[in-house]
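Here is how the chains run, residue by residue.
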Amino acid sequence: KNVLPFLASRILAEHGRALAAHASLAELTNLTRPQDWYPMARLSRRTIVAHLGPTNSGKTHGAMEHLLAATGPGAYLGPLRLLALELYEKMTAQGVYTNLATGQERREVPFATHRAATVEMAALDTDYDVVVLDEAQMLADDGRGHAYARALLGTRAATVHACGGAEAEGMLR
């Protein structure tokens, strides 16, 4: 006699809930479809502008001009706390109400329209006109690439300006 159907029915009867929970967990943790992770960002028609080139070639400066010229909210996302602080101070000095968010520090300004943050502190629940993603080549970094991918894929912005070295071109495509 074939015992396999009997065993299968017993396993389902005894462990059906655990198997269903495992299947649900497997679906929730499926990392093979990053395009499905951020549905709100994916619903909008976004433009990604790449500012690529060597160090000190004006990539971030050019992108920041677009950010400062935006009529709506905007954000700068950078790799270092000190860069976020520098851009926060620059925007504040130009009269732009700006919040600062890093892993070590937060400054909340009433009526702020802009945000300067480290890439790990990207606010994915806010709609922006312009976001500057600085040092986009960090997408390939083993330690922080996930934060850059999260910011690039999940930022709800009409325009994302990705600044970085020429090696970032393939990743941004």
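Provided above is the structure to which this section pertains.
Right, let's walk through the structure included here. (Residues numbered from 1 in each chain as written. Predicted model: local features only at pLDDT ≥ 70, side-chain atom pairs only at ≥ 80, totals over all residues. Heavy atoms only, no water.)

Here we take up helix α3 (residues 59–69). Where α3 is concerned, the buried positions are Lys59, Gly62, Ala63, Met64 and Leu67. Elements that come into contact with the buried residues of α3 comprise β1 (47–52), β2 (74–78), α4 (81–93), β5 (114–118), β6 (127–133) and β7 (156–164). (Buried < 20%, exposed > 50% of the residue type's maximum accessible area, 1.4 Å probe, protein only. Helix = DSSP H or I, 4+ residues; strand = E, 2+ residues; numbered from the N terminus. Contact = heavy atoms within 4.5 Å.)

Another point: the sheet that holds β2. The strands that make up a sheet are held in pairs by hydrogen bonds between backbone atoms, and each pair lies either parallel or antiparallel. Taken in spatial order, the seven strands of this open sheet run β1-β7-β6-β2-β5-β3-β4, and their pairing is mixed. Sheet topology places β1 and β4 (106–107) at the edges, where each strand pairs with a single neighbour. Of the strand pairs in this sheet, β2 and β6 are connected by four bridges, and their pairing is parallel. The residue of β6 that forms the bridge with Tyr76 is Val132. Running at roughly 165° to β5, α4 makes contact with β2, β3 (98–101), β4 and β5 of the sheet. Against the sheet, helix α5 (residues 145–154) contacts β1, β2, β6 and β7, and its axis sits at roughly 145° relative to β6. (Pairing = 2+ DSSP bridges. Axes fitted to C-alpha atoms, helices over the stretch in contact; angles between N-to-C directions.)

Take the pattern of salt bridges next. As enumerated under the stated definition, the model contains six salt bridges in all. Glu120 serves as the salt-bridge partner of Arg144, at 2.7 Å between the closest nitrogen and oxygen. Of this pair, Arg144 sits in the loop between β6 and α5 while Glu120 sits in the loop between β5 and β6, and the two are 24 residues apart along the sequence. Look at Glu120 and you get partly exposed, because its relative accessible area is 34%. The closest approach of N and O atoms between Arg173 and Glu169, which form a salt bridge, is 2.8 Å. Using a relative accessible area of 35% as the deciding quantity, one classes Glu169 as partly exposed. (Salt bridge = Lys/Arg side-chain N within 4 Å of Asp/Glu carboxyl O.)

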